[in-house]
Structures are given as structure tokens and as C-alpha cells.
Amino acid sequence: MNYVDTDGEDVWLTVYSDETDQVLMQESLKNALEKAEKANEAKSDFLSRMSHEIRTPLNGIIGMVTLARENINNKAKEIDCVNKISASSKHLLVLINDILDMSKIESGKVEIKNKKFGFRNFVESTVSLFFSQAKEKGIKFKSVLIGNIPSYVKGDYLHTNQIIVNLLSNAVKFTDKGGEITNRISLLKEEDNEVWIRFEVSDTGVGIEKKNFDKIFNPFEQEDASVSYNYGGTGLGLPIAKRFTQMLGGNISLKSEVGKGSIFTVDLPFTRIPEPNIDIFMDKKLNILLIDSMPETLERMAYIFETMKIDYMCIGSGECGIKEIKENPSRYDICMIYDDLNDMSASEVIDDIKDTAENDIKIIVSSYDTIDIMDDKKWEKADAFINKPMFISSIIDVLYGMDNIDLNFKDINYKNEDILKGKNVLIVEDNELNMEILRELLILQGCKVTCAVNGEEGVKAFEKSKPYDFDIIFMDIRMPVMDGYEATEIIRSLDRKDAKEVIIIAISANAFADDIEKSIALGMNAHISKPINIGNLIDSLNNIYNKKDTY
């Protein structure tokens, strides 16, 4: 800057100032702006994808309904339309659930609930679900347990389940026919009763480029546009899994190679709950022959049998199993055999063993989907079935009721698919369409059904009934006049013995963890989210009657 002084001479001044903070602030604002613009761009892309993703199953549903009406007398075509409507509806439900889950995470409303739950039940339910999906797609699926995995733990079931379901769902989605998926669960470390359990979901699918490892865990983003085009989805499954893992105090990592597949690893902390008493088997002097073509199962079962002090022989093929029985026709009390042996049909092995054994050897068939095979005539010589992967508690369940070597399976606690048959139920639901759907589903299951249009009418129906007339009450939550919570509290407080004992199941569109907790806290036995899935309803009832966790 220059100026003229009183003498008419130019005087120059130089001023120095430290603008570091201002420059840093400008750079910070610039970075924040770029980040916000990228986030907005990602959300815009997400909304564009969602417009397509949501409209696609909606178009399928509407189109198939139209085609079904036009082919009202063509039963085969009607069945095809109904199956496609069902598939489109399930796809739409997954999209909506992902969006709602991420919305709740973003708003900070996720609550972590650490409580006792059946780890074995959790594993069996996820394995059964994804084994069926993989089988339909022609993918080989196996689940492996390594180490002293507890049957019961204290932890957050709902969010643990969401993490593993998201990972397995992706594995099935991105693996083609002929591929393989492995769900490996191992004991990472243990101190006192605190255990860290590792979940590894590996597949032989399309794989992920290393440069996109971080990107795929960001909300609203996918690896690239081709993923959405070829496979669909919200791109929220992995971000949800990562955020839930962090909230549970765990960590998640990824290894992947394009064209060869991926391995997602999740480590989570739990508290071990003591196993059921195994002392009752110490004096049984059992001898078990295990035939299984999976090396991991042979190793796992050797550990379990040794822990239970049971004599055993583990064999890796059907042919060698038959040979062992021929050489020792009276040695074994039980033969446990995998339903999908590599070398020969397991049912043929059972026939040979039954024909060769000189004692009344009992046959237990192990499978990743026992419900699917139990009614098949080729297993008619089996005495019992057991889900893989096997826990100490599942072995105890099968062997319970044994008297020396006179085995008695009448007390085995299997899932009862006919649990609704003959039940007298009360539906309390204000929505006419929802009531019709549930009523017809229950009638198809062999139920006698009474309906009430709100909580007040539901309470009156129960009060007018004879003691123990109703076996189950299905209670909607949001209803006019009186909601389901208030109706439940009134029923539980009535001066009649069955008021405390009648099973009340919440049927609600509210599917978040705190909604479920509230239902249980107010005296309901279980909480099932709409839309109603009859399989989930049957599972909940089995858990209630067997006094297991219902969620």
C-alpha cells in the first residue's frame, strides 16, 4: 500500500498477516462441501435406484394379478402367477426393511438389548433358511462349527441375526449355480465366561475389487452401476451389517478377489451361558457310529462325543460305514448318518446297516434341513433326525429319554408343524383385509377362529368365553377404541386363571426391536411382524410351548 506524506514523497508500507487458520478453514469447508455433494449425489443415485427397485416388484405384482384374472380357469397359470406374486412381494419387503433399518441407524434410535438367547436356535434357523435358498439356486451350502461353541449366550439376538442374514443373503445373491457358500462359526477367544465368536461367510461368487472395499460399506452406495443392474437391491445390506457390528462392540473385515469370491469376517462378543447337564449320559455306556463326508463335522463330533464321555467311531464314507458294521455287527447302539454323503446314497447305507447289524441299532439322520426330509419315505427306517451343524444340546435333545441301550425317542422335542391344528383362536384386528388373511391362514391350519375388530371387543370376547376356551389370542397393536397393549394388560389382570396363561401374540406392522421389547414387557408371549408368514408363526408357537426364546 502506498500514500503521499506531507512532504510530497511516496512512502511504501508492507503488511504481513498469518492467514493459516483462514486457509485451513477454507480447505475444511471445501472438503466438507465436496463430501456433502458426494453424499447428495449418492443419495440421488440411491433414490433413482430405489424408484426402479420398488417399481419392479410392484409392476410384477400388479401384472401377475391382471394375468391371474385373465386366466381364472387355467389352474397351472394361476399357480404360476401366485408364485411370482409371492416372490415379488418378498423382494419388496426386503427393500422396505433395509430402508427402515438404515433410517433408524441414521437417526440414532437403535437400541442394543443384551439378553439370553439360544445360539443353537439362531444358527439352526439361519442355516435352514439359506440352505433352502442355496439349494434352489444350485449352490452347495455348508455350515461349520469350530471349537467349544455355546448353545446359549447373552447378547443382542436381533442385531446379530440381522448381520449374519445380510451377509448370507449377499453370498446367495452373488454366487452362481454350481458355486459354494460356507458359513463358518468358530470360538475366537474366551476369558471367564466372556467369549468372542467369529462368523466367516465365504462364497465362490463374483468377488469385489479391492479399490471398492471401503465403498461398499458406505450407505446408499454399491460397487458400481452394474451391480444394481445385474443383481438389484438397495446397497444397504453391508452398511447396516457394519453399523450393527460396531454397535455390538465387534468388527467386520473383508477379503475378496474378482471372479473367485469373497470372505466376510465378523467378530462379536457374547457371554457364555452354561450348557445343559451332560452327567446323565456318563453311565449310559453308549457307543455311536458317525458316518459323515464332511471332515469338519467329523472333527466337531469327535470333540462333542469326548466331552459327553460317549464311545464313538467317526467314518468319512458310506462304504466304510457299512464295512465297519459288518466287522462289528453288535458294537454300536446308534448310527448317526449325514443325508448327503459323497460316495453313495445315505438311505442305501441305512438299509445295509439295518440288514447287517445283529442288534437293534437306532438310526439318526443329520441334515441341514430336517423339516424338508422327515416325511420322505426313503427315510422311513430312521428313528430320529437332527439339524446340522450339531451342538451338545442338540445331541442331548435327541438322546434324552434313553434307558441303558433300550433307546426311547418318544420324548424328543421336534418342531411340530401341526401345532395350530385344533386350536381355538381369537383374532383382534381392526383392518378388514388383514383380518381376512390371518383368519383364512389359520382355518387352513385347522383352527377354530373368532374375530374382534378392536381391543375393547377382544376383551369382551375373552370375558364372555369359558375358562381355557381360547388357546391363542392374536392381537393387533394399533387399533381404534382400545389398542392391543391396553387390551393385553386388561386380559392379564382379569380374575380368572386362564387370563395369566392364555398365549397372546402381537401381530403388528411395527417391526423394530423396541416394539418387540414393549410387547413382551406388557405380557405378550411373542411379537410377529406383518405381513404374516405362517412359518414364522408356527416357529414362535413351538418356541412358546417349548419355553424357548421367541425372538
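First, a word on scope: everything that follows refers to the structure included in this document. Computed from a prediction, not measured in an experiment: that's the story for all the values here.

## Some remarks on the overall build of the protein chain
- Check the secondary structure of the protein chain and you find 17 helices and 19 strands.
- For the protein chain, the accessible area works out to roughly 29,000 Å², and carbon and sulfur atoms hold 49% of it.

## Comments concerning the nonpolar core
- Counting 70 residues, the largest nonpolar core has Phe119, Ile163, Phe199, Ile337 and Val365 as its most contacted members.
- Looking at this core, the element that brings in the most residues is helix α3 (residues 119-137), giving 7 residues.
- Every residue in contact with Ile163, bar those within four places of it in the chain, is listed here: Ala241, Phe244, Thr245, Leu248, Val266 and Leu268.

## A word on the packing of aromatic side chains
- Scanning all chains against the criterion turns up 15 aromatic pairs.
- Considering the side-chain rings of Phe131 and Tyr368, the 5.6 Å spacing of their centres and the 35° angle between planes classify their relative orientation as tilted. Taken as a pair, Phe131 in helix α3 and Tyr368 in the loop between β13 (362-367) and α10 (370-373) lie far apart in primary sequence, 237 residues in all. You'll find Phe131 and Tyr368 in the same group, each marked buried.
- One aromatic cluster in this structure is built from Phe117, Phe119, Phe122, Tyr157, Phe199, Phe270 and Phe391.
- It is Lys388 that lies over the ring of Tyr338; its NZ or CZ is 3.6 Å from the centre.
- Geometry around Phe462 places Arg496 over its ring, the cationic atom sitting 4.4 Å from the centre.

## Comments concerning helix α14 (residues 484-493)
- Those residues of α14 lying buried are Gly484, Tyr485, Ala487, Thr488, Ile491 and Arg492. Along the axis of α14, the buried residues cluster in a sector spanning 165°; they form a single face.
- Structurally, the start of α14 carries an N-cap: the backbone nitrogen of Tyr485 is 3.1 Å from a side-chain oxygen of Asp483.

## Thoughts on the environment of Gly205
- Along the chain, the position of Gly205 falls in the loop between β7 (194-203) and α5 (225-231).
- For Gly205, a relative accessible area of 7% translates into the label buried.
- Sequence-distant contacts of Gly205, that is, excluding residues within four places in its chain, are made with Phe174, Thr175, Gly259, Lys260 and Gly261.

## With respect to helix α9 (residues 346-356)
- Of the positions making up α9, those classed as buried are Ala346, Ser347, Val349, Ile350 and Ile353. Within α9, the buried residues cover an arc of 155° as seen down the axis, which keeps them to one side.
- On its buried side, α9 packs onto β10 (287-291), α8 (318-327), β12 (334-338) and β13.

## Some remarks on the sheet that holds strand β14 (residues 384-387)
- Judged by pairing direction, the sheet is parallel, and its 5 strands sit side by side in the order β11-β10-β12-β13-β14 without closing on themselves. Among the strands making up the open sheet, the edge pair consists of β11 (311-315) and β14. Put simply, the sheet's adjacent strands are angled 20° from each other on average, direction ignored.
- In this structure, β10 lies alongside β11, joined through 5 bridges in parallel fashion. Opposite Ile291, over in β11, you have Ile315 as the bridge partner.
- Against the sheet, α9 touches β10, β12 and β13, its axis set at about 165° to β12.

## What about the packing of helix α2 (residues 75-106) against helix α6 (residues 237-247)?
- Between α2 and α6, the least distance of the axes is 10 Å, while the angle of their chain directions is 40°. Comparing their axes, α6 and α2 come out oblique. Regarding α2 and α6, the two cross each other, and that crossing is left-handed. Within the contact between the two elements, α2 uses Asp98, Asp101, Met102, Ile105 and Glu106 and α6 uses Gly237, Pro239, Ile240, Arg243, Phe244 and Met247.
- The residue inventory of the contact of α2 with α6, partitioned by class, reads 6 nonpolar, 1 polar and 4 charged.

## Concerning the environment of Asp418
- Considering the arrangement of structural elements, one finds Asp418 in the loop between α11 (392-399) and β15 (424-428).
- According to the relative accessible area criterion, Asp418 is exposed, its value standing at 52%.
- Taking the C-alpha atoms as reference points, Asp418 and Ile538, separated by 120 residues in sequence, lie 8.3 Å from one another.

## Comments concerning unusual backbone geometry
- Residue Pro389 is reached from Lys388 by a cis peptide bond, and omega for that bond is -5°.
- Unusually for a residue other than glycine, Lys309 sits at a positive phi of about 60°.
- Note on placement: Lys309 falls in the loop between α7 (295-307) and β11.
- The class of Lys309 is exposed, set by a relative accessible area of 54%.

## Looking at the pairing of strand β8 (residues 251-257)
- Pairing of β8 with strand β9 (residues 261-273), which is carried by 7 bridges, proceeds in the antiparallel orientation. Within the sheet, the bridge partner assigned to Glu257 lies in β9 and is Gly261.
- What sits between the antiparallel neighbours β8 and β9 is a turn of 3 residues, in which Gly259 has the positive phi angle 85°.

Criteria and cut-off values
Residues numbered from 1 in each chain as written. Predicted model: local features only at pLDDT ≥ 70, side-chain atom pairs only at ≥ 80, totals over all residues. Heavy atoms only, no water. Helix = DSSP H or I, 4+ residues; strand = E, 2+ residues; numbered from the N terminus. Areas by Shrake-Rupley, 256 points an atom, 1.4 Å probe, with all protein chains shown as cover. Core = buried A, V, L, I, M, F, W, Y, C linked by side-chain atoms within 4.5 Å. Buried < 20%, exposed > 50% of the residue type's maximum accessible area, 1.4 Å probe, protein only. Contact = heavy atoms within 4.5 Å. Phe/Tyr/Trp six-rings, centres within 6.5 Å; stacked < 30°, edge-to-face > 60°. Lys NZ or Arg CZ within 6 Å of the ring centre and 35° of its normal. Arc of directions from axis to C-beta. Polar contact = N/O pair within 3.5 Å; in protein donor to acceptor, adjacent residues only side chain to side chain. Pairing = 2+ DSSP bridges. Axes fitted to C-alpha atoms, helices over the stretch in contact; angles between N-to-C directions. Parallel < 35°, antiparallel > 145°, perpendicular 65-115°, else oblique. Left-handed = near helix turned anticlockwise from the far one by under 90°. Nonpolar A, V, L, I, M, F, W, Y, C, P; charged D, E, K, R; others polar.

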